[in-house]
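What follows is the residue order along each chain.
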Amino acid sequence: MKKLLIGILVFVVVAIGGALIAPSFIDWNAYRGEIATEVRKATGRKLAIDGTIKVALLPAPMLSVGKVRLANLDGAKAADMARLDALDVRIAFWPLLSGKIQVSSVMLRGADIELEALADGRVNWEFAPAGKAASPAATATAGEAAAAAEAVRLDQVVISGGRVTFRDSRKNTVEKVEAIDLRLAAETLTGPFAARGRATLRGVPVAFEARLGHLREDRASPLTATVELVGAKAKADITGQVVALGVAPRADIKLQLAGDSLAGVLDALSGARSSGPSPLAQKFSLSAGLAGDAQTLAVNDMALVINGTRVTGALNARLGTVPSVDATFAVNTIDLDSWIAAAAAPATTAEKPGAGAPSQAAPKAAAAGFTLPDDLRVAFDARVTGITYNKGAIR
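Position numbers for residues count from 1 along each chain, tracking the sequence in the order it is written. The predicted nature of this model means local features are confined to residues of pLDDT at least 70 and side-chain atom pairs, given and counted, to a pLDDT of 80 or more, with totals for whole chains, interfaces and linings taken over all residues. Hydrogens and water molecules were not included; the side-chain quantities draw on all heavy atoms of the structure.

Enquirer: Break down the overall build of the chain for me, with residues and values.
Expert: Secondary structure is summarised from DSSP: a helix means a run of H or I of at least four residues, a strand means a run of E of at least two, and numbering begins at the N terminus for each. Check the secondary structure of the chain and you find six helices and 21 strands. Only protein chains enter the accessibility calculation, which uses a 1.4 Å probe; a residue is then buried when its area is under 20% of its type maximum, exposed when over 50%, and partly exposed in between. By residue count, 33% of the 395 residues in the chain fall in the buried class. We call two residues in contact whenever any of their non-hydrogen atoms come within 4.5 Å of each other. Sequence separation of 24 or more characterises 50% of the internal contacts of the chain that already satisfy a separation of 6 or more. Of the roughly 23500 Å² that the chain leaves accessible, carbon and sulfur atoms contribute 62%. In this description, accessible areas are obtained by the Shrake-Rupley approach with a 1.4 Å probe, and a residue is regarded as covered only by the protein chains that are shown.

See below:
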């Protein structure tokens, strides 16, 4: 009897071990066609895997895929919506036994994403699954989806050498975020989240770090972030909250921005480059409260201080068939002598062409600069307390 039990135990161990080791010996590359078919069913897009596929369960579950391409919509500028040099996913083994998924690491290299709004109104980030729609019985409830998200932990997600391009064919504009290096961690798929990284926007290097609390539809999630425009020598601190994410997303934040040159920051954000001395090429500070959603933006308690001049005000913007902006500003005494001297001063490093970013990137970024809608309605009210010139008040 004892020998029989030992024999059964050995058989079970061998069987389990074989089941765990077997995936390492399977040629998963032979299943490219089946994988592409399932992706086509789920997204309506063609998937091509030009690199190798590796899967293992021991010593820890692992998936490695190289050279992946996801096709774009018919009529889009780029043939592929997404291209990926390599993806490597590793999952901790023991948490799986308790029904939890702890993703030890996700390495994403050379991701190139094309987002496009086509001239006919279609957008390529909306997918149309092939075949019949899922039946109600096969669709997970909101509670089931939330429970599944809570069971997944991301220890480390690393994106290196990424690029995101947004094309609006209706307006003939192109925006690119390049050289994306990002590290992300999440206790669950609904947060809390922590992220830090670097990227290049319109030729300007940007460094950022952010933390976002647990995302819930019935309560606010705290948000803190720091964004640094490296080439423009400016830094923004953001604190606030995100409300009702996933239903009607809304943000309510406080912004503190300071830098060596307001002209350099405006150049960085617009994609332009100053061609000569600018009176705004001076140290400044800006504080404001921002609240908004997909359709509205309110800027309150704004205070800009530069060259001894203080500007306060508020702004309300609304999108829609006819976009509108209502703004009110108040300026304390303006010292024209100081501003004239500032206009004649040489440009600072922060706003010289090429400072902190290759000068050749400027023309390409300027082509994608900010443009106002043709049908924008603007209401503007400004008040100046006083103006001085040659040390005397202008009346």
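There's plenty left to go through after this.
Enquirer: Report on unusual backbone geometry, specifying residues and quantitative values.
Expert: Backbone torsion omega between Gly191 and Pro192 reads -5 degrees, so that peptide bond is classified as cis. Its place among the elements puts Pro192 in the loop between strand E8 (173-186) and strand E9 (193-201). Its identity is not glycine, yet Lys67 carries a phi of approximately 50 degrees, on the positive side. Checked against the element boundaries, Lys67 lands in strand E3 (residues 62-71). Here Lys67 falls in the partly exposed class, since its relative accessible area comes to 46%.

Enquirer: Account for the pairing of strand E2 (residues 53-56), with residues named and values stated.
Expert: Here the rule is simple: two strands pair whenever DSSP picks up at least two bridges between them. By the bridge criterion, four bridges tie E2 to E3 in an arrangement that is antiparallel. Pairing of Lys54 across the sheet is with Ser64, part of E3.

Enquirer: Give a description of a nonpolar patch on the surface that names residues and reports values.
Expert: On the surface, Leu336, Ile340, Val384, Ile387, Tyr389 and Ile394 cluster together into a nonpolar patch covering about 480 Å² of accessible area. Elements with a minimum of two residues in the nonpolar patch: helix H5 (336-344) and strand E20 (387-389). Counting through the fold element by element, Ile387 comes out in strand E20. Any residue with relative accessible area above 30% and no salt bridge may belong to a patch, with like charges joined within 9 Å and the nonpolar Val, Leu, Ile, Met, Phe, Trp and Tyr side chains within 5 Å. Here a salt bridge means any side-chain nitrogen of Lys or Arg lying within 4 Å of a carboxyl oxygen belonging to Asp or Glu.

Enquirer: Kindly report on helix H4 (residues 262-270), identifying the contributing residues and their values.
Expert: Count 3.6 residues to each turn of an α-helix, and residues three or four apart come out pointing the same way. All of the buried residues in H4 are Leu262, Ala263, Gly264, Val265, Asp267 and Ala268. Polar contacts here mean pairs of N or O atoms no more than 3.5 Å apart (in protein, one a potential hydrogen donor and the other a potential acceptor; neighbouring residues in sequence count only if both atoms are side-chain atoms). Two or three places before Ala263, at the start of H4, stands the capping residue Ser261, its side-chain oxygen 3.4 Å from that residue's backbone nitrogen.

Enquirer: Describe the sheet that holds strand E18 (residues 334-335), and please don't skip the residues or the numbers.
Expert: Pairing in this open sheet of three strands is mixed, and the strands run E18-E20-E21 from one edge to the other. Because the sheet does not close on itself, it has two edges, and the strands there are E18 and strand E21 (392-393). Examined bridge by bridge, E18 and E20 share two bridges and lie parallel to one another. From the neighbouring strand, Asp335 faces E20, where its bridge partner is Thr388.

Enquirer: Requested: an account of the side chain of Ser221, with residues and values cited.
Expert: Looking at where Ser221 falls in the secondary structure, it is placed in strand E11 (residues 221-229). A polar atom in the side chain of Ser221 sits 2.6 Å from the backbone oxygen of His214. If near-sequence neighbours (up to four positions away) are discounted, Ser221 is found in contact with Leu212, Gly213, His214, Leu215, Arg216, Gly240, Gln241 and Val242.

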